[in-house]
Amino acid sequence: MRLGVMGGTFDPIHHGHLVAASEAQSLFGLDEVVFVPTGEPWQKQGRDVAPAEHRYLMTVVATASNPRFTVSRVDIDRDGPTYTIDTLRDLHAQRPDDELFFITGADALAQILSWKDSDELFDLARFIGVTRPGYELSESGLPADRVDLQEVPAMAISSTDCRERVARGEPVWYLVPDGVVQYISKHHLYSSPTATPSSAP
Ligand code: ATP
Ligand code: MG
């Protein structure tokens, strides 16, 4: 099987992630794309990240309707900070016959060489770098035979912007799937009590 791997903090998952995964699935003939929410993201230490269980469940809600999308707990069930090398090693151990394609936006692709054990990353997976508004997509310094660049429809959406909108009492409808809007509201994620609009119950 050709298995796409979409890693992310997904705090929250939004339509930029979903379009990137869907385009990679279709253009690279992937049989399945597994979304892997991070445990503790090592790049994001110092900021509060929503509990892993909430990020996992929002990812399940967002992907449930697509028969080719699945969600893995490998990173959230591993203790300590999440490194992509561990994600790929675990997935490879679980599914040794699958060919892995790690899908990443232009911002993350540019940082791969700074990731732990970056040379081994390219032995375990091929990388699909997708365009993301505001970032330059380039494979410079990366092994050309293991990295493909792919333009995808531009979605100028980030989880940071979604969190800030919720904190300001602004809508995130249509930036994230409807079920995720409702999940955020049900569990009071991202809003401090002072930012709650006065009309809220
Ligand atoms: P944050 O603002 O918290 O960093 P984010 O929107 O960047 O959140 P991540 O969970 O950090 O989302 O990203 C996971 C992966 O999805 C990364 O490879 C990132 O480059 C990619 N990605 C995120 N948003 C987009 C987008 N709008 N278009 C294309 N790729 C994206
Ligand atoms: Mg990010």
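As a reminder, the structure under discussion sits directly above these lines.
Numbering of residues starts from 1 in every chain and runs along the sequence as written. Here chains are named by letter from A upward and ligands by number from 1 upward, in the order in which they appear as written. With pLDDT at 70 or above as the cut-off, local features in this predicted model cover only qualifying residues; side-chain atom pairs require 80 or more to be listed or tallied, and sums for whole chains, interfaces and linings still use all residues.

### Section: the pairing of strand 1 (residues 2-8)
Here exposure depends only on C-beta density: within 10 Å of a residue's C-beta, 20 or more other C-beta atoms make it buried, 12 or fewer make it exposed, and intermediate numbers make it partly exposed, the C-beta atoms being placed from the backbone. Numbering of helices and strands runs from the N terminus; a helix is a DSSP stretch of H or I covering at least four residues, while a strand is a stretch of E covering at least two. The element strand 1 is largely enclosed, with a buried count of 6 among its 7 residues. Here strand 1 pairs with strand 6 (residues 99-105) via 5 bridges, running parallel. Paired with Arg2 across the bridge in strand 6 is Glu99. DSSP-based pairing: two strands are paired if at least 2 bridges between them are found. In this sheet, strand 2 (residues 32-37) lies alongside strand 1 in parallel orientation, the contact comprising 6 bridges. Following the sheet pairing, Gly8 is matched in strand 2 by Pro37. Orient the strands so they point away from the viewer; a crossover is then right-handed if the path from the first strand over the helix to the second runs clockwise. On the question of chirality, the crossover connecting strand 1 to the parallel strand 2 by way of helix 1 (residues 15-27) is right-handed.

### A short note on the environment of Asp145
Relative to the helices and strands, Asp145 is located in the loop between strand 7 (126-130) and strand 8 (147-150). With 8 C-beta atoms counted inside 10 Å, the residue Asp145 sits in the exposed group. Here the alpha-carbon distance between Asp145 and Arg126, two residues 19 residues apart in the chain, equals 8.4 Å.

### Re the site of ligand 1
Any residue whose C-beta atom, as set from the backbone, lies within 6 Å of a molecule or strand is reported as near that molecule or strand. Among the 18 residues in the neighbourhood of ligand 1, the closest are listed as Gly8, Gly16, Gly105, Ser159 and Thr160. Going through the elements one at a time, helix 1, strand 6, helix 4 (106-109) and helix 6 (159-167) are the ones with two or more residues in the shell around ligand 1. Residue contributions to the shell around ligand 1 peak at 3 residues, all from helix 1.

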